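Letter by letter, the chains look like this.
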Amino acid sequence: MFTGKNSIFKWCNFFGLLAVSAMFWACSDNVAGGASGDAGVVAIKDRDIAGVTQKGPFVTGSAVTVQELDGITLKQTGKSFKGTIKSDKGDFAIKDINLQSQYAILEANGYYRDEISGKKSSGTVTLRALTDLSDRKTVNINLLTHLEYERVKYLVTEKKKSIADAKAQADEEILAAFGIEGNFGNPEDLNIFESGDGNAALLAVSVLMQSDVDVAGLTERMGEFSIALAEGGSWDDVDTKTAIADWACDVDLKGTLANVRKNVESWKYADSVPSFEKYVTNFWWDNYGLGVCNAKRENETKRNVNKLSKLYNEYFVCEKGRWVIPGEEPQSSSSSWSGGTSSFGERSSSSIYDPFVSSSSSEPEDTIPPLPVELDFFDSTYSFDGYRSFGEGKQEVWFLISPGRLVNDRERRDSIASALVNLMGTRGFAFEGTINNDSLDNVRCDTLSYVYSLKKENVVYKISITKELGLGIMYGSSYFFKVKVVVLKDGFEEMPTTDYSSLRFFRDFPEELAFMEDYSSTKVRADYDDDSLMISWQFRRNVDSTSSQMYQFLPDLSKEKKAEEALKPLLEVLPDNGFTFVKSDSLGRNSNMSDSVVVRYFYEMETPAARFMLRAEVGTVGYPYFGVTYTFKYGYTVDVYVYYKQKPERKGRSE
């Protein structure tokens, strides 16, 4: 015990020492948020906090909490404030927040819209953001804030860094793991619905981490990434990185990476989707050891040196700013057909009704929305011509076109259809019957569509096949077939996509395309389908010509250049007429018809009545003259696909 004067003296010394120690602790590096000389812990009073939660955006009703942290240890105190997501944009607002320190964790838990599929996720995910609320009223919660969380805690508590310095270091390390360079500020300020390189980097990381895994796979990846980064400062999981790179390469070469942009745009929350694609392509280029593809490296060939990759030792060539496999059209790595055999095994001699013959061929085409995995045999061989959804996704309908257009070869067309039918038989599909098809006239198609179905658990799959004829100008008729896929879930009663009793269609030229007539020589209504809810128009302008025998013709590059220059004024006026640039790509061309590649430009526009999808490209078209000589016309072609949102009003009998 302390007694008398001596006790009083000892107590004074004790309290004096305690006061000095307290001052030291308040100014030491142990205070989260700053080194010696920083302001220290600041209380937050009656603060309103708002933001957006994004993997893709969290859906309405998802939970958001603000959790108080101890200002020195960064440990949770148990005090929290709760809120919910207000809309499918992922936005939230929590009012009247009072905290003893400026440091807090914001946590979101719920379903999200998947950028890859465009649909709501199959399960819930939790994302966190560690933030300093000293001068902040807006905090966005996203994948970058989540991945930095454990690393920031480690750097602050173990390495005595300030919150600001720890976050800056962690963010640089995360981006470096994906080959992204740049200082984009705090991740709490990033938003995939806004333009800018930082927002593009956020969307790219979200896309790459999701790639082809489900919610469970994504959660596992996030956890492993966070653990690796926390103490080591890097993510060195070469197996996962390679799997992501292989996926990125596949969707890039197939063209389906564009679906991500379309999905985000379709949610109607983005004024401008950031240019994330450059970071996705750079990721797989670096993983394969290819490096950048630019003008200086045009036509340079490099080999994929990643031994873990599915495409190890594959050669790529740098063409027009992107690495491609030389001599091949982009194709899926998941399936292929050859000689009547598929990657799923030999064709079965099932008793399924087959109105066609046998054998098959394929020419991979770009795909649009992905089909269910049970129908993966369509992925690399069919082009997608449309998609519709009913009953909040309980009925989905895809429209597809068979691989290639086979010139004057009806039997070959039927052999490909037969290969499809036999493959469906091995997957358990059964012939259901015939129905009237969806086309508007019967000059170009069969009057019947052949329907096959499969029931698996609570899902019914229906596939109808319709043989069609394309009337060619130069080479004659082309034969192909169209496929309609219907997926019904949870006993949903099928809704017809066509009113067969009253077919109606749009004959008039759309007013929105009137300006195109000033930039074209010819205009034709090229195609229509699905009871004319889809109409396509083709515009052509020829600027020069050359006469030659067919197989002695070589392109005049100066005239092709002239055609390219003629296209530029049209591309310049498209934004003034409501069109938005989507992307450009390049395709190989037969050397006797054009230069080695042709660049295509894609634009879109949406009005209350319809959605317009435009594709423009320069090309050389040959016209025969008595089968001896040909006139080759240099110019450009513009195809516009108009997807109407509802049919025109009925006016008497069907036309």
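Being a predicted model, the structure only gives us computed values, none of them experimental.

A. Geometry of the overall build of the protein chain. Each helix and strand counted, the protein chain has 10 helices and 25 strands in total. Put simply, the protein chain has 655 residues, and 50% of those count as buried. Here the analysis covers contacts within the protein chain between residues at least 6 apart in sequence; of these, 64% occur between residues at least 24 apart. Only carbon and sulfur atoms are counted for the fraction: they give 49% of the accessible area of the protein chain, which is about 31,200 Å².

B. Spatial organisation of the packing of helix α2 (residues 143-157) against helix α4 (residues 197-210). Contact pair α2 / α4: the axes reach a minimum separation of 9 Å and the direction vectors enclose 75°. It follows from the interaxial angle that α2 and α4 lie roughly perpendicular. Listed contacts from α4 to Leu 143, Leu 144 and Leu 147 of α2 are Leu 202, Val 205, Ser 206 and Met 209. Partitioning the contact of α2 with α4 into residue classes produces six nonpolar, one polar and no charged.

C. Fine view of the sheet that holds strand β9 (residues 315-319). Taken in spatial order, the three strands line up as β8-β9-β10 in an open sheet, and their pairing is antiparallel. Of all strands in the sheet, those bounded by a partner on one side alone are β8 (301-303) and β10 (322-324). Recorded for the sheet is a direction-independent mean angle of 35° between the axes of neighbouring strands. Pairing between β8 and β9: three bridges, direction antiparallel. Paired with Lys 302 across the strands is Phe 316, a residue of β9.

D. Representation of the sheet that holds strand β4 (residues 91-99) within the structure. Pairing in this open sheet of three strands is mixed, and the strands run β4-β1-β7 from one edge to the other. Of all the strands in the sheet, just β4 and β7 (141-142) have a single pairing partner and so form its edges. Where strand β1 (residues 44-54) meets β7, two bridges bridge the pair, whose relative direction is parallel. Across the sheet, the residue bridging to Gln 54 is Asn 142, located in β7.

E. How the structure looks around the state of the cysteines. Per the stated rule, a full pass over the model turns up one disulfide. Paired through a disulfide, Cys 293 and Cys 318 show a sulfur-sulfur distance of 2.0 Å. Judged by the torsion about the S-S bond (90°), the Cys 293/Cys 318 disulfide is right-handed. With a gap of 25 residues between them, Cys 293 in the loop between α8 (277-287) and β8 and Cys 318 in strand β9 connect regions that are remote in the sequence. We classify Cys 293 as buried; its relative accessible area is 7%. Classification of Cys 318 by relative accessible area gives buried; the value is 0%.

F. Region of interest: the packing of aromatic side chains. Enumeration according to the criterion identifies 18 aromatic pairs in this entry. With a centroid separation of 5.0 Å and 45° between ring planes, the pair formed by Phe 225 and Trp 235 is classed as tilted. Here Phe 225, found in helix α5 (residues 215-232), pairs with Trp 235, found in the loop between α5 and α6 (238-254); they are 10 residues apart in sequence, far enough to count as distant. For the residue pair Phe 225 and Trp 235, the accessibility class agrees, reading buried in each case. Ring geometry for Tyr 387 against Trp 398: centres 5.2 Å apart, planes inclined by 55°, an arrangement best described as tilted. Placement of the pair is Tyr 387 in strand β13 (residues 383-390) and Trp 398 in strand β14 (residues 395-401), with a sequence separation of 11 residues. What makes Tyr 387 partly exposed here is its relative accessible area of 33%. These aromatic residues form a ring-pair network of at least three members: Phe 178, Phe 225, Trp 235 and Phe 283.

G. Examining the pattern of salt bridges more closely. Per the counting criterion, the structure on display carries 25 salt bridges. We note a salt bridge from Glu 148 to Lys 167, for which the minimum N-O separation is 2.4 Å. Of this pair, Glu 148 sits in helix α2 while Lys 167 is found in helix α3 (residues 163-177), placing the two residues 19 residues apart along the sequence. In this structure, Lys 278 engages Asp 197 in a salt bridge whose closest nitrogen and oxygen atoms are separated by 2.9 Å. Linking Lys 278 in helix α8 with Asp 197 in helix α4, this pair joins segments that are 81 residues apart in sequence.

H. Highlighting the nonpolar core. Counting residues in hydrophobic clusters, the biggest one holds 76 residues, and the most contacted among them are Phe 178, Phe 225, Phe 276, Trp 284 and Phe 316. Once you skip the residues sitting within four places of it in the chain, Trp 284 turns out to touch Ala 245, Ala 248, Cys 249, Asp 252, Leu 253, Leu 290, Phe 316 and Trp 323.

I. Region of the structure containing α4. Here α4 contains 14 residues, and its C-alpha end-to-end distance of 20 Å stays within 8% of the 20 Å for a straight helix at 1.5 Å per residue. Burial analysis of α4 places 13 of its 14 residues in the buried class, which makes it a mostly covered element. Once α4 finishes, Ser 211 follows within two positions and takes phi at roughly 35°, a positive value.

J. Representation of the confidence of the model for the protein chain. Per-residue pLDDT for the protein chain averages 78, and the proportion of residues at 70 or more is 73%. Mean pLDDT across the secondary structure elements of the protein chain bottoms out at strand β11 (residues 337-338), with 26, and peaks at β7, with 98. The low-confidence segment residues 330-367, where pLDDT is below 50, has 116 contacts with residues more than four positions distant or belonging to other chains. Under a pLDDT of 50 for its full length, residues 471-476 has, in the predicted model, 12 contacts with residues more than four places off or in other chains.

K. Structural context of the environment of Gly 185. Take Gly 185: it is sitting in the loop between α3 and α4. Residues Gly 185 and Lys 167, 18 residues apart in the sequence, show an inter-C-alpha distance of 9.6 Å.

L. Geometry of α2. Taking 1.5 Å per residue as the helical rise, α2 with its 15 residues ought to reach 21 Å, and the 22 Å between its terminal C-alpha atoms agrees with that figure. A maximum bend of about 40° is found in α2 at Tyr 149. Counting buried residues along α2, 12 of its 15 residues qualify, which places the element largely inside the surrounding structure. What α2 keeps buried is the set Leu 143, Leu 144, Thr 145, His 146, Leu 147, Glu 148, Tyr 149, Arg 151, Val 152, Tyr 154, Leu 155 and Val 156. Among the residues of α2, the N-terminal cap falls to Asn 142, whose side-chain oxygen and the backbone nitrogen of Leu 144 are separated by 3.1 Å.

M. Local environment of the side chain of Arg 261. Mapped onto the elements, Arg 261 comes out in helix α7 (residues 258-266). Apart from the residues lying within four places of it in its own chain, the contact partners of Arg 261 are Val 273, Pro 274, Ser 275, Phe 276, Glu 277 and Val 582.

N. A look at the packing of α6 against α8. Running from amino to carboxyl end, α6 crosses α8 at an angle of 120°, the nearest separation of the two axes being 9 Å. Considering the angle they form, α6 stands oblique to α8. Read as a crossing pair, α6 and α8 show a hand that is left-handed. When α6 is examined against α8, the residues Lys 241, Thr 242, Ile 244, Ala 245, Ala 248, Cys 249, Asp 252 and Leu 253 are found in contact with a partner set consisting of Val 280, Thr 281, Phe 283, Trp 284, Trp 285 and Asn 287.

Calculation rules
Residues numbered from 1 in each chain as written. Predicted model: local features only at pLDDT ≥ 70, side-chain atom pairs only at ≥ 80, totals over all residues. Heavy atoms only, no water. Helix = DSSP H or I, 4+ residues; strand = E, 2+ residues; numbered from the N terminus. Buried < 20%, exposed > 50% of the residue type's maximum accessible area, 1.4 Å probe, protein only. Contact = heavy atoms within 4.5 Å. Areas by Shrake-Rupley, 256 points an atom, 1.4 Å probe, with all protein chains shown as cover. Axes fitted to C-alpha atoms, helices over the stretch in contact; angles between N-to-C directions. Parallel < 35°, antiparallel > 145°, perpendicular 65-115°, else oblique. Nonpolar A, V, L, I, M, F, W, Y, C, P; charged D, E, K, R; others polar. Pairing = 2+ DSSP bridges. Disulfide = S-S within 2.5 Å. Phe/Tyr/Trp six-rings, centres within 6.5 Å; stacked < 30°, edge-to-face > 60°. Salt bridge = Lys/Arg side-chain N within 4 Å of Asp/Glu carboxyl O. Core = buried A, V, L, I, M, F, W, Y, C linked by side-chain atoms within 4.5 Å. Expected span 1.5 Å × (residues − 1). pLDDT = per-residue confidence, 0-100. Bend = angle between axes of the 7 residues up to and from the residue. Polar contact = N/O pair within 3.5 Å; in protein donor to acceptor, adjacent residues only side chain to side chain. Left-handed = near helix turned anticlockwise from the far one by under 90°.

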